[in-house]
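Chain by chain, the residues run as shown.
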Amino acid sequence: MHKFANPARFMRLSNIVLPWITGLTILLFALGLYYSLILAPEDYQMGNTYRIIFVHVPAAYMAQFGYGVIAVSSAIGFIWKHPLADQAARATAPIGAAFTALALLTGSLWGKPMWGTYWIWDARLTSMLILFFLYLGYIAVWQAIEDQVKAAKIASIVSLVGLVNVIIIKFSVDWWNTLHQPATLMRMDGPTIGGNMLIALLLMIAAFNMFFVAVLFWRIQSLILQRRIRSLRLQLGGGLG
Amino acid sequence: MIKLALSIIMRDVSLSLRHGSATTMVVGFFIIVVSMFPFAIGPEQNILQRISVGVIWVAALLSCLLSLDRMFQTDYEDGSLDQFVLSPVPLELVVVAKSIAHWLTTSLPLIVIAPILGIMMNLPNEGFLPLIYTMLIGTPALSFIGGIGASLTVTLRRGGVLLSLLILPLYIPVLIFGVLAVKASIGGYDATSHYLLLLGFTLFSAAIAPWAAAAAIRSGLE
């Protein structure tokens, strides 16, 4: 694993891989959008409005995936003192937060025609909102601490505590919600998804995933370059400027 | 070792008692926050009755949060925190002792005051004992989880706001089960499962939080 801890090696490898990932992302998006906007049939109940799920579901999935990536790379960074893993966790946070915001936004846009209101305290919406808060807290830790090594350690503890709690919070929010409103408005067991809709959804999830990886690589690269600039400036004795 | 932990608790409690002001301020804050709600929502008795449990619980969370940043701050400033890290007592045990001391000096006074606020908020009679029980069971979790936040932000200059941003989302389960248990008792339902879940969360946080907090203190002091 420490083979990949070297930032220079990461830069070399990622420069080779990145064009392929970018190309794949564009291809998957093109295919996915074609399927989801044109090939997938109109829903007999919801009309064309339902097509927002092709953005909403992948975004919600990436939001959770992103927190998982942060937690795993934080654990690796904390246990093996792996600097690249710390940077990966740091680079993931804004991406995950953006996907969470996108999922909340598309969810509420979908909610208006479906439920007649932009926001209800549905269990899923609420847990998503709390996930967003956890992302904000994690990002704030990185911003609050000057010393990068210390910030990495503190942030990894925050993310691991958050991971344990996000599971408990999810459970308790479900519990709270089922007691408050027994008949939930959002029922997924109604129209089962199939055919071109399913293909479109899977393609979009794959596209979002590739996009996530591509942006993550860009962000790690730019973080590494930032550090290099910092240390070069220090070597020149010019201060941090 | 237990003796040392006990002496840390005694030290913190007597420090807080002789200092006096911190506990009084927290209790005062608790009362003021609760008494803001009738102004904001209106004095109708039935509305106050509906929101009473929730308001008291939220005010308790905020009051607890208010005193958290002092949990390790004074020890950090006068150097005792370094002594704790170096001492043969495991740092985890020190954190447990500090959390218990925080609970004794912050949450216990709140629990004593809570019934009076319950009267002011027109809490139904069946709600008083459950409110005290849930607060007794639930508030230790606030101190234990708060210990993580306090230790994460101890070396930061403007840690207070960050602390609330980090810790408040983690308090949600306590709030949910605390309020649900009281409401179930008022409504005449069986509240056992809520009590058990609340107790479980408290025990879980007591078991896990000190490790995270001790790790955070060690990283912060490096």
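Structural notes on the environment of B:L104
Residues and elements named next belong to chain B. Checked against the element boundaries, L104 lands in helix α6 (residues 91-120). Between the alpha carbons of L104 and G138 there is a distance of 13 Å; along the sequence they are 34 residues apart. Setting aside anything within four residues of it in sequence, one finds L104 in contact with I9, V13 and P109.

Focus: the nonpolar core
Counting 133 residues, the largest nonpolar core has B:F30, B:L131 and B:Y171 as the members making the most contacts within it. The residues contacting B:F30, other than those within four sequence positions of it, are B:I56, B:A59, B:A60, B:S63, B:L110, B:I113, B:A114 and B:L117.

Things to note about the packing of aromatic side chains
Residue and element names in this part refer to chain A. Counted by the stated rule, this structure contains 11 aromatic pairs over all chains. Here the aromatic rings of Y67 and Y135 are separated by 5.5 Å at their centres, their planes lie at 80°, and the arrangement is edge-to-face. Remark: Y135 occurs in helix α4 (residues 123-144) and Y67 occurs in helix α2 (residues 53-80); sequence separation between them is 68 residues. Residue class for Y67 comes out buried when judged on its relative accessible area of 3%. Judged by its relative accessible area of 0%, Y135 falls in the buried class. Site record: aromatic cluster; members linked through ring pairs are F29, Y61, F65, F99, F208, F211 and F212. Across the ring face of Y118, the terminal group of K112 is positioned such that the distance to the ring centre comes to 5.1 Å.

Digging into a nonpolar patch on the surface
A grouping of A:L33, A:Y34, A:L37, A:I38 and A:L39 is seen on the molecular surface, where their side chains present a nonpolar patch of about 470 Å² in accessible area. With respect to the element layout, A:L33 can be found in helix α1 (residues 7-39).

Some points on the interface of chain A and chain B
Between chain A and chain B, the residue contacts involve 28 residues of the former and 25 residues of the latter. Regarding the contact of chain A and chain B, the summed buried area is about 2,300 Å², with carbon and sulfur atoms giving 83% of it. Contact with chain B buries area across many residues of chain A, yet A:K150, A:I157 and A:W175 alone supply 21% of it, more than any other trio. Taken together, the connections running from chain A to chain B amount to 0 salt bridges. In this assembly, chain A and chain B are joined by 1 residue pair in polar contact (both at pLDDT 80 or more). Elements supplying a minimum of two residues to the side of chain A that touches chain B: α4 and α5 (148-180) of chain A. Among the elements that make up the side of chain A that touches chain B, the one with the highest residue count is α5(A) (17 residues). For the side of chain A that touches chain B, the class distribution of residues is 22 nonpolar, 4 polar and 2 charged.

Regarding the pattern of salt bridges
Residues and elements named next belong to chain B. Evaluation of the coordinates by the stated rule reveals 6 salt bridges over all chains. For D75, the salt bridge identified is with K98, shortest N-O distance 2.3 Å. Here D75 is found in helix α4 (residues 70-78), whereas its partner K98 is found in helix α6, with 23 residues between them in sequence. Each of the two residues, D75 as well as K98, counts as buried. Note that E92 and R218 form a salt bridge whose closest N and O atoms lie 3.6 Å from each other. Of this pair, E92 sits in helix α6 while R218 sits in helix α10 (residues 192-221), and the two are 126 residues apart along the sequence. On the basis of relative accessible area, R218 is assigned to the partly exposed category, the value being 38%. Connected through shared salt-bridge partners, R11, D12, D75 and K98 make up one network.

Definitions and cut-offs
- Residues numbered from 1 in each chain as written.
- Chains lettered and ligands numbered in written order.
- Predicted model: local features only at pLDDT ≥ 70, side-chain atom pairs only at ≥ 80, totals over all residues.
- Heavy atoms only, no water.
- Helix = DSSP H or I, 4+ residues; strand = E, 2+ residues; numbered from the N terminus.
- Contact = heavy atoms within 4.5 Å.
- Core = buried A, V, L, I, M, F, W, Y, C linked by side-chain atoms within 4.5 Å.
- Buried < 20%, exposed > 50% of the residue type's maximum accessible area, 1.4 Å probe, protein only.
- Phe/Tyr/Trp six-rings, centres within 6.5 Å; stacked < 30°, edge-to-face > 60°.
- Lys NZ or Arg CZ within 6 Å of the ring centre and 35° of its normal.
- Patch = residues over 30% accessible without salt bridge, like charges linked within 9 Å, V, L, I, M, F, W, Y side chains within 5 Å.
- Areas by Shrake-Rupley, 256 points an atom, 1.4 Å probe, with all protein chains shown as cover.
- Salt bridge = Lys/Arg side-chain N within 4 Å of Asp/Glu carboxyl O.
- Buried area = accessible area lost by both parts, 1.4 Å probe.
- Polar contact = N/O pair within 3.5 Å; in protein donor to acceptor, adjacent residues only side chain to side chain.
- Nonpolar A, V, L, I, M, F, W, Y, C, P; charged D, E, K, R; others polar.

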